[in-house]
Structures are given as structure tokens and as C-alpha cells.
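Residue strings, one per chain:
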Number of protein chains: 2
Amino acid sequence: MVFQKERITEIGKKLHQAGMKLTPQRRATVNTLLKYQTKHLSAEELFTLIKREEPEIGLATIYRTLDLLAELRIVDRVTFGDGVARYDLRHENQQHFHHHLLCSVCGKVEEVHEDLLTEVEEVVMHKYGFKVQDHRLTFHGICSTCRQKERCLEQE
Amino acid sequence: MVFQKERITEIGKKLHQAGMKLTPQRRATVNTLLKYQTKHLSAEELFTLIKREEPEIGLATIYRTLDLLAELRIVDRVTFGDGVARYDLRHENQQHFHHHLLCSVCGKVEEVHEDLLTEVEEVVMHKYGFKVQDHRLTFHGICSTCRQKERCLEQE
DNA sequence: GTGGCTGCAAACCATTTGCACAAAT
DNA sequence: ATTTGTGCAAATGGTTTGCAGCCAC
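Conventions we followed
Residues numbered from 1 in each chain as written. Chains lettered and ligands numbered in written order. Predicted model: local features only at pLDDT ≥ 70, side-chain atom pairs only at ≥ 80, totals over all residues. Heavy atoms only, no water. Buried < 20%, exposed > 50% of the residue type's maximum accessible area, 1.4 Å probe, protein only. Helix = DSSP H or I, 4+ residues; strand = E, 2+ residues; numbered from the N terminus. Pairing = 2+ DSSP bridges. Near = heavy atom within 4 Å. Polar contact = N/O pair within 3.5 Å; in protein donor to acceptor, adjacent residues only side chain to side chain. Nonpolar A, V, L, I, M, F, W, Y, C, P; charged D, E, K, R; others polar. UniProt positions renumbered as here; feature names shortened; annotations may be inferred. Contact = heavy atoms within 4.5 Å. Core = buried A, V, L, I, M, F, W, Y, C linked by side-chain atoms within 4.5 Å. Arc of directions from axis to C-beta. Domains from an automatic or database assignment. Buried area = accessible area lost by both parts, 1.4 Å probe. Salt bridge = Lys/Arg side-chain N within 4 Å of Asp/Glu carboxyl O.

Residue and element names in this part refer to chain A. Burial analysis of strand β3 (residues 85-89) places four of its five residues in the buried class, the great majority of the element. Strand direction decides the pairing type here: strand β1 (residues 41-42) and β3, joined by two bridges, are antiparallel. Note on β3: the bridge partner recorded for L41 is Y87. With five bridges joining them, strand β2 (residues 75-79) and β3 adopt antiparallel strand pairing. Across the sheet, T79 pairs through a bridge with A85, a residue of β3. Taking the residues that link successive antiparallel strands as the turn, the β2-β3 hairpin has five residues, and the phi of G81 there is positive, at about 100°.

So, in C-alpha cells, the structure goes:
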């Protein structure tokens, strides 16, 4: 990760603008989020990973940091229907939140970074007078890997 | 609601097909879901309402009924980011789940019943090899009412 | 020394589960 | 009789909160 350092500095700036500090705990949290970008980790999972870097950290601090980062729109909270919140780093300059493909066979979550919804949002604006600021889109279905496996089994 | 009775009978059939009964408690639950179709009620909210019809009912029964109805794809569980699950009746013959417009000012949730995503699902299929079975789409933004209010304030 | 930040433990609260009893077939 | 469903109370588990101490400016 070449960009990691600058990304953290940049996040540090955002924090300072909001009158807050980039403490070691927060740094470690952001670090871990960066390192496991597409993994959709829960607070508990993050806890385990962050401890390696910052062994004294408490789970509550992580929740508080994530709340903070969410408010500053640095991360987004996602839920996939199990009762656990997961945290995704918002990509830089990414205006809208990315989408997810949730495989109902293996549980894997893929990310889709194309926007795809510009037209749909036009419709929502014109037909419903609703000014879209953000969205959450998750497709449930079968991922390519699982589909291939299914085909193999059929051929037996 | 003219259609309510037949809708319940139909749901009763689905239950029987799965080897289960349409008990008074379940009937009351479905009734209430029908009555408050677009309200996105939580289990607790449903509990209060269902009690009017079936005062002896326990909250656990409602959770169990909702699980059952969700498995039979009669209702869908939705979450809007507060940690509470809400339950929406799936419309008859509706292949895909409807979308939601969540107003960040007043908190109101509107429903959008047009599909809107057929093209997007094509892309997901071809580019990612992902076979879509269902989706969850929520737009966050400002509803028409709140936008009008904002405009009035600006003019002062 | 004031204000934000932290760790810990306790509290919270939506949901689930165990169990003994009831209803239906 | 066996299976399915129910109400109640207790347990669960992710998340939040209160608080005393800590750190930086």
C-alpha cells in the first residue's frame, strides 16, 4: 500500500478540522480498515485485528472511532441482514457509496464500484421529487464461483 | 381492504403447503401487516398493534411468525440502519422487492414499486457473472415535502 | 487545568431460546 | 400419541454509556 500513508494524513486533517485528534488508537483503526479494504469487517473482527497493532485498545474505543469516522463520511456502515454492522471505507472522490453482491450460497461479498444508478436516481428525482444524497444497494444471488460449481455437479 | 380476506386465505395455503398452521396469532399478525402495509413496522410496533386483536399474544410468537413468513417469502426484512428490523409484505406477483426512499430530514420512508433495476442487473450478470435473485435498494435523501419546506425558509 | 480521549465494566435493548403447557390431527 | 405452536422468562450478543483516569496543548 503506497497510498496508505497519505490517506491517513488526509484523514488526520479531516479530524483536525472537526476539532479532533488522530490518536494512536484511531490511527490503528484507520490502518486496519485500509489494510482490509474490501473485507466488510464488523467491529468485533476489527477489534481482533487492531489489537495486533495496539494491544491495549478497548472495543468501546473502536465503536466510538467508527461512529466518528462514519459521521465524517470516511467510512460507511453496512448491514447484510445478520444483525451485525460492517464498516467500509468510502473511496476517495467517490461521490456515491459502492454496491455489494452477496452470494446466498457461500456468503461472499463482492464490491461493485461503477455507479450504475445515475439514471435510476433521475427517475426518483423526477417522479417522486426525492433528492437523492446517497444510496445502499445490495444484490442477493449466486456468485460466479458458486454457479460454476453448481454446473459441475449437474454434469455428473 | 376488499382483498384482505383472500390474501389471508392464500397465505394460509402457503403455510399448509409447508406443513404449518394458520393459527389465530398468525392470522392476527398477517392482518396487521396487511392493514399497515407501507408502514415498515418493527416487531415491537407490530406487537402493540397485534395485541388489540389478540391480547394474549407474546412478542416471541411474533418474532417466530415473522421468521416463518420471511422464509416463505411472504414478508421481507428490511433495515434502515437503526438497529431495528422492519417487516414489509411482499406484493403479490411482485418478482423483486420494492425500493425505499428514506428522508434524512423527517425520517419518512416512501416505497417505490417500479422495478428500475432490470438493466443494472443485466450489467451485474454480464460483467460479474453474478446471478441476481433479489435486491435491496434504499435511497437516502430529502423527500419532496421537506424540500418544499426548505425552499420556503430560504425565501424569508 | 480544561477538553477531548481511553479502558473497563455495567447497562441496554432487540432478538432468540428453553421449557412446560396447549391445540390439532 | 405425536407434532406443531404458544407464552413466559431467561439468556444472548452486538452496541452504548458512565465514569475515573489520562494525555496534550
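Picking up after the structure, the text goes on.
Neighbouring DNA strand D are 19 residues; Y63 of chain A together with T23, R26, T61 and R64 of chain B lie closest to it. Across the atoms of DNA strand D situated within 4 Å of the protein, the share located in sugar and phosphate is 72%. In the model, a phosphate oxygen of DNA strand D is placed 3.4 Å from a nitrogen or oxygen of the I57 of chain B main chain. The contact in question runs from a phosphate oxygen of DNA strand D to an N or O atom on the side chain of T61 of chain B, over 2.3 Å. Looking at the surface near DNA strand D, the elements that each hand over two or more residues are α4 (59-71) of chain A together with α2 (24-35) and α4 (59-71) of chain B. If one sorts the elements of the surface near DNA strand D by residue count, α4 of chain A sits on top with four residues. Taken together, the residues of the surface near DNA strand D sort by class into eight nonpolar, five polar and six charged.

This paragraph deals with the UniProt feature "binding site: Zn(2+)" (unreviewed entry) in chain A. As recorded in UniProt, the sites labelled "binding site: Zn(2+)" (unreviewed entry) are C103, C106, C143 and C146 of chain A. For the annotated residues, spread through 44 residues, the largest C-alpha to C-alpha distance comes to 8.3 Å, consistent with a single compact locus. Mapped onto the fold, C103 of chain A is located in strand β4 (residues 99-103). Leave out the neighbours within four places in its chain, and C103 of chain A touches K108, G141, I142, C143 and C146 of chain A together with F130 of chain B. Take C146 of chain A: it is sitting in helix α6 (residues 144-155). Once you skip the residues sitting within four places of it in the chain, C146 of chain A turns out to touch C103, V105 and C106 of chain A.

Here we take up the nonpolar core. In this structure, L101, L117, F130 and F139 of chain A together with L117, F130 and F139 of chain B are the most contacted members of the largest nonpolar core, which totals 28 residues. Counting residues per element, the ones that place at least two in this core are β4, α5 (118-128) and β6 (131-142) of chain A together with β4 (99-103), α5 (118-128) and β6 (131-142) of chain B.

For the α-helix, the turn length of 3.6 residues means that residues three or four positions removed from each other point alike. Residue and element names in this part refer to chain B. Inspection of α5 places V120, E121, V124 and Y128 among the buried residues, and these make up the whole buried set. Each buried residue of α5 sits inside an arc of 100° when the element is viewed along its axis, so together they form one side. For α5, exposure combined with an orientation more than 90 degrees from the buried face picks out T118, E119 and H126. Downstream of α5 by a residue or two, G129 has a phi angle that is positive, lying close to 60°.

What follows is about the domain arrangement of chain A. Residue and element names in this part refer to chain A. When its domains are assigned, chain A resolves into domain 1 (1-94) and domain 2 (97-156). Summing the contributions of domain 1 and of domain 2, the shared interface buries around 960 Å²; its carbon and sulfur component is 50%. For the pair domain 1 and domain 2, the interface holds three salt bridges. Of the charged contacts, one joins R136 and D76 as a salt bridge, the two residues approaching to 3.1 Å between their closest N and O atoms. Summed over the shared surface of domain 1 and domain 2, the number is eight residue pairs in polar contact (both at pLDDT 80 or more). If one sorts the elements of the side of domain 1 that touches domain 2 by residue count, β2 sits on top with three residues. Across the side of domain 1 that touches domain 2, the residue classes tally to three nonpolar, five polar and five charged.

So, about the protein's contact with DNA strand C. Lining the immediate environment of DNA strand C, one finds 21 residues, of which T23, R26, T61 and R64 of chain A together with Y63 of chain B sit closest. Within 4 Å of the protein, atoms of DNA strand C come from sugar and phosphate in 73% of cases. One of the backbone nitrogen or oxygen atoms of G58 of chain A is found 3.2 Å away from a phosphate oxygen of DNA strand C. Listed by contribution, the elements that provide at least two residues to the surface near DNA strand C are α2 (24-35) and α4 of chain A together with α3 (43-53) and α4 of chain B. By residue number, the principal contributor to the surface near DNA strand C is α4 of chain B, which donates four residues. Among the residues forming the surface near DNA strand C, the class breakdown is nine nonpolar, five polar and seven charged.

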